[in-house]
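The residues making up each chain are set out below.
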Amino acid sequence: MIYPTRLCVLAALIGAPVALVLGLLQPGLWLVAPGWLLGLGALMLCDALLAASPRKAEITLETPDYVAVAHPTTARLAVAFPQRTIHRAIQAALDAEPRLGLCSARGEADGAGGFLFPMQPDRRGLGVFREAVVRWQGPLGLTWRQARRKLDETVAIGADIRRIEDEAVRMFSRDAQHGAKVQLDIGEGAEFHALSDFHSGMDRRTVDWKQSARHHKLLAKEFRTERNHQVVMALDCGRTMSEPVAGAPRIDRAIHGALILAYASLRAGDRAGLFAFDDRPRLSTGAVAGVGSFPLLVRQAARVDYGAQETNYALGLTSLSSSLKRRSLVVIFTEFADSTSAELMIETVGRLVKRHLVLFVVMRDEELEALVTAAPETPEDVSRAVVAASLLRERDLVLARLRRLGAHIVEGPADRLGPEILNVYLDLKRRDLL
């Protein structure tokens, strides 16, 4: 694309009154006006031909693989031209999805042939850079040459990995057992490891009396915590989970809690995986092992979008159950509006608990609780309180039925979901229920 610069437009405008004055003074000089415009047009054509061709412009977008929500970062658009081409005054712009939070569509030159685009994502998901537009002037500064490039570059936007790791380590280290001697880590959730000489200060319950009698010295059993359990976080990303609670969508709160649990379980030697579903399964990572696999789970969690469909528990949980080849801890993050909509969920969970340990995580709806306890001042307040109390009562009935089926329940404030889940997880390991 070729179009005139501001300098060219000003030159054309300046030439018009000059030609008019000359025409008034000397009528024979009226041809100066068209001659001026033709000469300016010829200069524009030469300027455009001397400038670099858009086809030869190399435009490359450099972005991080992963971006944290509300964390400022930059994208860089690198622009390069073949040697021996003439250009000046380069400008660049990016077209991207709003969730990427570009501070400005126009980039700032970095002095190295590129342009920086500051951005601060405000919503989790997959952000797409659609198109890049670069323009430059010819050597005379009379024309712009412009190039457009379709990018379709996708960037995962999710939770802050460092913050989740720090939070999980802080909560996990508070309850986890540490020590230089593995024999101190005994009790429920431990397995026999080896025999060693008994030393003063060791637990006398660890003495193996038969082996001690055989070897004529006190021998103690060493234990180590059972590892390699499989923990699967099942995320309901349907319409109800996309609604806000305490200033953020429920699914964002659930993902934050799931990632804290995933990091803690990987750190404890267990295997962790993510599964997301709404009207059909959306994501399944399988179980991964080792703390080094945690960034992979974080990137996959960023792919869980905000759903607008009703959740199909029968299809989602049945698909999850069929993919699990061994007994696992299935942590289900969900929300249900009433007992009728949860009927299929309860039926499916009844089959799931026969083989797996199921943990349900739901968030307390403090807005409903506030409506129930608020002092009624108008008839509308009474109506709202009655409806809110009815919804809370149906919710309690569903949770009670799940408990009778054998599922464990975690119900806590949205901003305290991570610690609540981690405490239950550590308790289940101590009780050897995994």
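The model shown is predicted, which means the values in this text are computed figures rather than measured ones.

Student: Just checking my understanding: could you explain the packing of aromatic side chains for this structure?
Tutor: Here a ring pair, both rings aromatic, is described through the centre-centre distance and the interplanar angle of the planes. Per the counting criterion, the structure on display carries four aromatic pairs. Relative to F277, the ring of F275 has its centre 5.9 Å away and its plane inclined at 35 degrees; by these criteria the two rings are tilted. An aromatic cluster of at least three residues, connected via ring pairs, comprises F275, F277 and Y313. Residue placement shows R135 over the ring face of W144; its charged tip is 4.0 Å from the ring centre.

Student: Would you mind showing me how to read the pattern of salt bridges here?
Tutor: Pairing is possible between side chains that carry opposite charge, provided their charged atoms lie close to one another. Inspection of every chain in the model, using the stated rule, returns 22 salt bridges. Ionic pairing is found between E335 and R395, a salt bridge with its closest N-O pair at 2.5 Å. Separated by 60 residues along the polypeptide, E335 in the loop between β18 (329-333) and α8 (343-352) and R395 in helix α10 (residues 379-405) bring together distant segments of the chain. Summarising the burial analysis for this pair, E335 and R395 share the class buried. For E411, the salt bridge goes to R395, with nearest N and O atoms at 3.3 Å. In this pair, E411 sits in strand β20 (residues 408-412) while R395 sits in helix α10, placing the two residues 16 residues apart along the sequence.

Student: It is not clear to me how a nonpolar patch on the surface should be interpreted in this structure. Could you clarify?
Tutor: Residues V9, L10, L13, I14 and V18 make up a contiguous nonpolar surface patch of roughly 450 Å² in combined accessible area. Mapped onto the elements of the fold, V18 is located in helix α1 (residues 6-25).

Criteria and cut-off values
Residues numbered from 1 in each chain as written. Predicted model: local features only at pLDDT ≥ 70, side-chain atom pairs only at ≥ 80, totals over all residues. Heavy atoms only, no water. Phe/Tyr/Trp six-rings, centres within 6.5 Å; stacked < 30°, edge-to-face > 60°. Lys NZ or Arg CZ within 6 Å of the ring centre and 35° of its normal. Salt bridge = Lys/Arg side-chain N within 4 Å of Asp/Glu carboxyl O. Helix = DSSP H or I, 4+ residues; strand = E, 2+ residues; numbered from the N terminus. Buried < 20%, exposed > 50% of the residue type's maximum accessible area, 1.4 Å probe, protein only. Patch = residues over 30% accessible without salt bridge, like charges linked within 9 Å, V, L, I, M, F, W, Y side chains within 5 Å. Areas by Shrake-Rupley, 256 points an atom, 1.4 Å probe, with all protein chains shown as cover.

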